[in-house]
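An overview of the molecular structure
Each chain, written out:
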Amino acid sequence: MNFEISRKVQELRYEKAEKEFIEAKMDLFEKSEAKEKLTEPLYTIINQDEIQVYSTDTSGTG
């Protein structure tokens, strides 16, 4: 009887851990998608800023 209770407790712990793991994976996936959506615009802004800085440096030395 004690073995049955212990097994049930372990099964419940496993199910809880599995649920937490799946929730964490979904959260990671959602955050990774958000990161991807922000990366491209950020790259564009940085690139445009570097072009502007470069053109300001080269036009001022003439």
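Details of the structure are given in the entry above.
Computed from a predicted model, the values in this text were never measured in an experiment.

**Quick notes on the overall build of the protein**
In terms of regular secondary structure, the protein is built from one helix and zero strands. At 27 Å, the protein has a C-alpha radius of gyration far larger than the 11 Å of a compact globule built from 62 residues. With respect to the three principal axes, the spread of C-alpha positions in the protein is 90 × 15 × 5 Å. When each of the 62 residues of the protein is scored for burial, the buried share is 0%. Computed over 9 positive and 14 negative side-chain charges, the inter-centroid distance for the protein is 12 Å.

**Quick notes on the environment of Gln10**
With respect to the helices, strands and loops of the structure, Gln10 is situated in helix α1 (residues 2-60). Gln10 sits in the partly exposed class, given a relative accessible area of 43%. Separated by 18 residues in the primary sequence, Gln10 and Leu28 place their C-alpha atoms 27 Å from one another.

**Description of a nonpolar patch on the surface**
A grouping of Phe21, Ile22 and Met26 is seen on the molecular surface, where their side chains present a nonpolar patch of about 320 Å² in accessible area. Within the secondary structure, Phe21 sits in helix α1. For Phe21, a relative accessible area of 51% puts it in the exposed group.

The rules behind the values
- Residues numbered from 1 in each chain as written.
- Predicted model: local features only at pLDDT ≥ 70, side-chain atom pairs only at ≥ 80, totals over all residues.
- Heavy atoms only, no water.
- Helix = DSSP H or I, 4+ residues; strand = E, 2+ residues; numbered from the N terminus.
- Rg over C-alpha atoms; globule rule 2.2 N^0.38 Å.
- Buried < 20%, exposed > 50% of the residue type's maximum accessible area, 1.4 Å probe, protein only.
- Lys, Arg positive; Asp, Glu negative; His and termini not counted.
- Charge placed at Lys NZ, Arg CZ, Asp CG, Glu CD.
- Patch = residues over 30% accessible without salt bridge, like charges linked within 9 Å, V, L, I, M, F, W, Y side chains within 5 Å.
- Areas by Shrake-Rupley, 256 points an atom, 1.4 Å probe, with all protein chains shown as cover.
- Salt bridge = Lys/Arg side-chain N within 4 Å of Asp/Glu carboxyl O.

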